Amino acid sequence: VGNTDTPTPFYLQPTLGGSEILRGFGSYRLRDDAVWTATAEYRWHVQRWVDVAPFVDVGAVAGRFGALHDVRLAVTPGIGIRARTNEHVLGRLDFASGRDGQRLIITLSAPF
C-alpha cells in the first residue's frame, strides 16, 4: 500500500493540451493529479473530399478530483478543415484559440 501523501511525479500526471485534447494549448501545458475534458465538434461535409469542423474543447486540472469544480475552466474554441475519403480522415488543419494565444495544428490523423 502506497503513501497517499506522496506527490505524483510530474511525468506521471495526466495532462491537457496538444493536437487532440484542448487544442488551444501546447502539448502537456496543463497537468495535475485530477483531469476532466470534453470536446464538441460538428463536421460539415462541404465538398467530396473536404469537411469543415467547428469545435470547442473544455477541460480542467486540479490536485484532486474534489477540487475540479473550484478551478478555472480552460476553453479552446476553433475551426478545422478535414481532407477525407468516404471512410477516413486523411489529414486536418485546425486553428484553435485559448488563453495562451492561438495555435495552428496540422496532422495526418483524426482528432479522436
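Structural notes, computed from the coordinates.

Rules and cut-offs
- Residues numbered from 1 in each chain as written.
- Predicted model: local features only at pLDDT ≥ 70, side-chain atom pairs only at ≥ 80, totals over all residues.
- Heavy atoms only, no water.
- Helix = DSSP H or I, 4+ residues; strand = E, 2+ residues; numbered from the N terminus.
- Buried < 20%, exposed > 50% of the residue type's maximum accessible area, 1.4 Å probe, protein only.
- Phe/Tyr/Trp six-rings, centres within 6.5 Å; stacked < 30°, edge-to-face > 60°.
- Lys NZ or Arg CZ within 6 Å of the ring centre and 35° of its normal.
- Salt bridge = Lys/Arg side-chain N within 4 Å of Asp/Glu carboxyl O.

Mapped onto the elements, Asp-70 comes out in the loop between strand E5 (50-62) and strand E6 (74-84). The spatial distance from the C-alpha of Asp-70 to the C-alpha of Asp-100 is 20 Å, given a sequence separation of 30 residues.

So, on to unusual backbone geometry. The phi dihedral of Leu-22 falls on the positive side, at around 55°, and the residue is not glycine. Note on placement: Leu-22 falls in the loop between strand E1 (15-16) and strand E2 (30-31). On the accessibility criterion, Leu-22 (0% relative accessible area) is buried. One non-glycine residue with positive phi stands out, namely Tyr-28, at about 65°. Among the secondary structure elements, Tyr-28 is positioned in the loop between E1 and E2. When its relative accessible area of 56% is taken as the criterion, Tyr-28 is described as exposed.

Before going further, it helps to examine the packing of aromatic side chains. Applying the stated criterion across every chain, the model contains one aromatic pair. An angle of 85° between the planes, with centres 5.5 Å apart, marks the rings of Phe-10 and Tyr-11 as edge-to-face. Assessed through its relative accessible area of 56%, Phe-10 is described here as exposed. Exposure remark for Tyr-11: the relative accessible area of 59% places this residue in the exposed category. Across the ring face of Phe-55, the terminal group of Arg-23 is positioned such that the distance to the ring centre comes to 3.7 Å.

Applying the stated rule across the entire model yields nine salt bridges. Glu-41 is the partner of Arg-23 in a salt bridge, and the nearest nitrogen-oxygen pair spans 3.2 Å. You can see Arg-23 sitting in the loop between E1 and E2 and its partner Glu-41 sitting in strand E3 (residues 34-41), a full 18 residues away along the chain. Between Arg-43 and Glu-41 there is a salt bridge; the shortest N-O distance is 2.8 Å. The class of Arg-43 is partly exposed, set by a relative accessible area of 31%. Via salt bridges that share partners, Arg-23, Glu-41, Arg-43, Asp-57, Arg-82, Arg-92 and Asp-94 belong to a single interconnected network.

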